[in-house]
Amino acid sequence: MDQKQGSSTNASDVPAGVQSAGRAYHQRRNVRIIVDSTSDFAPGVVEQLGVEVIPFSYVGPDGEHVDDMWRTSDPHEFYEYMRKHPDVHFKTAAVTPGKYYEFFKRAAEEGTPTMYMGLSEGLSSSINAARQAAEMVKKEYPDFEIYVLDNKCDSAAGELLAIEVVRQAANGLSAKELYDWACDARYFVHGYFTLDSFDALAAGGRIPPAAANVGGKLDIKPELSYDTNGALTLRGMCRGRKKALRAILQDFRDNYAHDTTLPLAIVSTDAQKDADWLEKEVRKEKGCEDVAIIHSTVSPILGSHVGPGMVALVFWGTDRREKMSLTDRIARKVRKGGAGA
């Protein structure tokens with residue numbers, strides 16, 4: 001698979017709200033914010049926000065690569081390769097405590113209170129490695145403030161959360177206040193998506209191969225989201241791609257916060273035609289004509305697991321915890337220590 005220099009996005013292409021939040025954050029800088037590459041940031045957004053990025057890595061047929069958010073590779077070539085070689089599977093691995101330690105120690109040496117926002121435990125064990133590294137650093141630097149946040153949401157939902165975290169930091173929240181804010185705010189970010197096929201999920205062991213085969217023959221397209229732990233959850237099964245896209249739009253209508261000061265995100269794995277269709281339909285909704293919409297491409301990390309042709313709509317909406325099932329509410333209460341011994 002050929003690697004080449006990717007194109008960059010000019011600062012003028014980044015929504016004005018992101019640029020202003022970034023400028024204010026640079027001026028204050030009382031909290032250091034670290035993210036990772038799985039939040040599928042659009043080109044230019046990371047630079048405007050001024051956050052530090054911990055890259056994940058993946059292994060393809062030509063060896064190991066660092067996810068540099070498409071700076072040195074072409075997303076169309078990557079996903080086209082997956083289309084043409086369905087029997088070749090890309091592998092991803094969790095970030096090690098040692099890698100996190102390197103980043104966190106540099107932050108500790110600088111001394112600025114730090115918050116790391118990472119891929120949800122529902123999809124990766126990396127966040128646990130980050131917690132281990134944070135504890136190691138705190139033993140060496142007992143006065144250093146560091147907070148590790150499980151995003152509880154995936155892909156560009158992490159991007160939207162990071163944008164608002166930077167805005168709140170620019171408004172003067174301390175590291176602890178920022179962490180507390182994000183612990184609540186992460187449940188208000190929604191993401192709904194569909195896939196072109198089940199093949200990549202089956203290859204990764206997330207669904208049985210037989211189910212993927214039947215789904216392909218019947219032209220069944222899933223609508224998926226993530227639960228309150230950040231794990232993938234099936235919303236429904238649709239007969240055909242267009243019905244799946246319309247199901248995503250309906251969930252947007254049902255859950256959108258109607259706050260047009262907050263950007264939306266549309267992210268895909270080389271499915272720009274459907275991404276453009278989603279934007280056109282969103283802009284038909286009342287009040288959404290001029291809302292900022294950030295387009296980006298899913299990284300090879302998550303893209304390896306969903307395959308080419310995925311498209312998602314991500315936005316700020318209602319509290320996702322309110323729609324938890326009865327049994328999930330009980331489990332949440334137990335985890336918080338609310339149940340009797």
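To start, this report covers the structure provided alongside it. (Residues numbered from 1 in each chain as written. Predicted model: local features only at pLDDT ≥ 70, side-chain atom pairs only at ≥ 80, totals over all residues. Heavy atoms only, no water.)

**Some thoughts on the packing of helix α6 (residues 156-170) against helix α7 (residues 175-185)**
- The N-to-C vectors of α6 and α7 enclose an angle of 145°; their axes lie 10 Å apart at closest approach. In this structure, α6 meets α7 at a crossing whose hand is right-handed. Residues Leu161, Glu164, Val165, Gln168 and Ala169 of α6 touch α7, and the partners they reach there are Leu178, Trp181, Ala182 and Ala185.
- In the contact of α6 with α7, the residues fall into seven nonpolar, one polar and one charged. (Axes fitted to C-alpha atoms, helices over the stretch in contact; angles between N-to-C directions. Helix = DSSP H or I, 4+ residues; strand = E, 2+ residues; numbered from the N terminus. Left-handed = near helix turned anticlockwise from the far one by under 90°. Contact = heavy atoms within 4.5 Å. Nonpolar A, V, L, I, M, F, W, Y, C, P; charged D, E, K, R; others polar.)

**Some points on the nonpolar core**
- Ranked by internal contacts, the top residues of the largest apolar core, which has 80 residues, are Ile33, Tyr100, Phe104, Tyr116 and Met117.
- Sorting elements by how many residues they give to this core places α6 first, with ten residues.
- With near-sequence residues (within four places) excluded, Ile33 lies in contact with Tyr25, Val51, Glu52, Met115, Met117, Val165, Val166, Ala169 and Leu178.
- Formed by 18 residues, the second largest nonpolar core is a distinct cluster that contains Tyr192, Ala275, Val291 and Ile293. (Core = buried A, V, L, I, M, F, W, Y, C linked by side-chain atoms within 4.5 Å. Buried < 20%, exposed > 50% of the residue type's maximum accessible area, 1.4 Å probe, protein only.)

**Observations concerning a positive patch on the surface**
- A contiguous patch of positive charge, built from Lys242, Arg246, Lys273 and Lys280, is present on the exposed surface.
- Every element with two or more residues in the positive patch is listed here: α10 (241-255) and α11 (272-282).
- Mapped onto the secondary structure, Lys242 falls in helix α10. (Patch = residues over 30% accessible without salt bridge, like charges linked within 9 Å, V, L, I, M, F, W, Y side chains within 5 Å. Areas by Shrake-Rupley, 256 points an atom, 1.4 Å probe, with all protein chains shown as cover. Salt bridge = Lys/Arg side-chain N within 4 Å of Asp/Glu carboxyl O. Lys, Arg positive; Asp, Glu negative; His and termini not counted. Charge placed at Lys NZ, Arg CZ, Asp CG, Glu CD.)

**A short note on the sheet that holds strand β10 (residues 232-239)**
- One open sheet accounts for six strands, arranged β10-β9-β8-β13-β11-β12; its pairing is mixed. With one partner strand each, in any of the chains shown, β10 and β12 (293-297) form the two edges of the open sheet. Between one strand axis and the next, the sheet turns by 20° as a mean value, whatever way the strands run.
- Where strand β8 (residues 189-194) lies against strand β9 (residues 220-226), two bridges are found, and the strand directions are antiparallel. Bridged to Thr194 within β9 is Glu223. (Pairing = 2+ DSSP bridges.)

**Overview of the pairing of β8**
- By the criterion of burial, β8 is predominantly enclosed, with six of the six residues buried.
- Side chains Val189, Gly191 and Phe193 of β8 all project onto a buried face; the interleaved residues His190, Tyr192 and Thr194 project onto the opposite face, where all are buried too.
- As judged from the six bridges shared by β8 and strand β13 (residues 311-316), these two strands associate in the antiparallel manner. Considered in β13, the bridge of Gly191 is made with Val314.

**Comments concerning unusual backbone geometry**
- Its identity as a non-glycine residue notwithstanding, Lys152 has a phi of 60°, on the positive side.
- Summarising the element assignment, Lys152 is placed in the loop between β7 (146-150) and α6.
- Residue Lys152 is classed as buried on the basis of its relative accessible area of 14%.
- Phi is positive for Asp270, close to 60°, though the residue is something other than glycine.

**Digging into the environment of Asp154**
- Along the chain, the position of Asp154 falls in the loop between β7 and α6.
- Looking at Asp154, the relative accessible area reads 8%, which means it is buried.
- Measuring from C-alpha to C-alpha, the distance between Asp154 and Val189 comes to 9.6 Å, with 35 residues separating the pair along the chain.

**A few points about α6**
- Between the first and last C-alpha of α6 there are 21 Å, a value that for 15 residues agrees with the 21 Å anticipated at 1.5 Å per step.
- Gly172 sits one or two positions beyond α6 and adopts a positive phi of about 110°. (Expected span 1.5 Å × (residues − 1).)

**Looking at the side chain of Asn255**
- Inspection of the secondary structure assignment puts Asn255 in helix α10.
- Separated by 3.3 Å, the side chains of Asn255 and Tyr192 make a polar contact.
- Side chain to side chain, Asn255 and Lys323 meet in a polar contact 2.7 Å long.
- Each residue touching Asn255, except ones within four places of it in the same chain, is listed here: His190, Tyr192, Phe315, Trp316, Gly317, Thr318 and Lys323. (Polar contact = N/O pair within 3.5 Å; in protein donor to acceptor, adjacent residues only side chain to side chain.)

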